[in-house]
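# Summary of the model geometry
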Amino acid sequence: MDSGNETPRTLNAKRVPMFQRRRLPAPKRIKVLLVDDHALTLEALRHYFSRRSRFAVRSLVLDGTAALQRVRSAPPDVVIMNMHMAQLDGARATKLLLQTFPKAKVIGFSGLEERKAVLSAIRAGARGYLLKARSSRELFQAVDQVNRGEVFFSPPISKMIEDAVHFVIFIG
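The notes below deal with the structure included here.

### Details of the side chain of Gln-145
Looking at the element boundaries, Gln-145 is found in helix H5 (residues 136-147). In this structure, Gln-145 is in contact with Glu-150, Val-151 and Phe-152, ignoring residues within four places of it in sequence.

Here it is as structure tokens:
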């Protein structure tokens, strides 16, 4: 039955040579600004982010005032802001930053589980709060979620907020 002269049956699919196929665009990298008054912390964070291709560290700055200037010149997608800095603390810097750039997404960052600092960060407009003692996995999760417009709180901070809400609703 096969005469050798028949063309193979194909579905009406057009064959496109490999070199002409359209490539999907690379996923957009999340631009991150790191703000902390400890250079060693900044370098460690940069190292963590450099190992993940979906993140691009935009800048490292040592205080809140420098963060405000840097956001003006090179707007990031997400700012990780230390809450305890000498010149301009993180809550005040977050508030000033959001007054100028209301679409900015800020994550409070601290080594301390202090209710006052957490509430200050939230009042200032931070979309999350990350403890320094947590894992790099949690760091990446926080940045991803906040970048998508969600909130993120380290589990001990979530528990603190939950306890405060419970207290207000049921006790106080």
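### Here we look at the pattern of salt bridges
Inspection of every chain in the model, using the stated rule, returns 8 salt bridges. The salt bridge partner of Lys-28 is Asp-77, with a shortest N-O separation of 3.3 Å. Placement of Lys-28 in the segment before strand S1 (30-35) and of Asp-77 in the loop between helix H2 (64-73) and strand S3 (78-82) is noted, with a sequence separation of 49 residues between them. For Lys-28, a relative accessible area of 61% gives the class exposed.

### Some words on a nonpolar patch on the surface
Side chains of Val-165, Phe-167, Val-168, Ile-169, Phe-170 and Ile-171 sit close together on the surface and give an oily, nonpolar patch of about 660 Å² of accessible area. Note on placement: Phe-167 falls in helix H6 (residues 155-171). With relative accessibility at 46%, the residue Phe-167 sits in the partly exposed group.

### Brief notes about the sheet that holds strand S4 (residues 106-110)
Overall, parallel pairing links the 6 strands, which are arranged S2-S1-S3-S4-S5-S6 in an open sheet. Each edge of the open sheet carries a strand with a single partner, namely strand S2 (55-61) and strand S6 (152-153). When S3 meets S4, the two strands line up parallel, connected through 4 bridges. Paired with Asn-82 across the two strands is Phe-109, which belongs to S4. Lying over the sheet, helix H3 (residues 90-100) contacts S3 and S4, oriented at roughly 150° with respect to S3.

The rules we used
- Residues numbered from 1 in each chain as written.
- Predicted model: local features only at pLDDT ≥ 70, side-chain atom pairs only at ≥ 80, totals over all residues.
- Heavy atoms only, no water.
- Helix = DSSP H or I, 4+ residues; strand = E, 2+ residues; numbered from the N terminus.
- Contact = heavy atoms within 4.5 Å.
- Salt bridge = Lys/Arg side-chain N within 4 Å of Asp/Glu carboxyl O.
- Buried < 20%, exposed > 50% of the residue type's maximum accessible area, 1.4 Å probe, protein only.
- Patch = residues over 30% accessible without salt bridge, like charges linked within 9 Å, V, L, I, M, F, W, Y side chains within 5 Å.
- Areas by Shrake-Rupley, 256 points an atom, 1.4 Å probe, with all protein chains shown as cover.
- Pairing = 2+ DSSP bridges.
- Axes fitted to C-alpha atoms, helices over the stretch in contact; angles between N-to-C directions.

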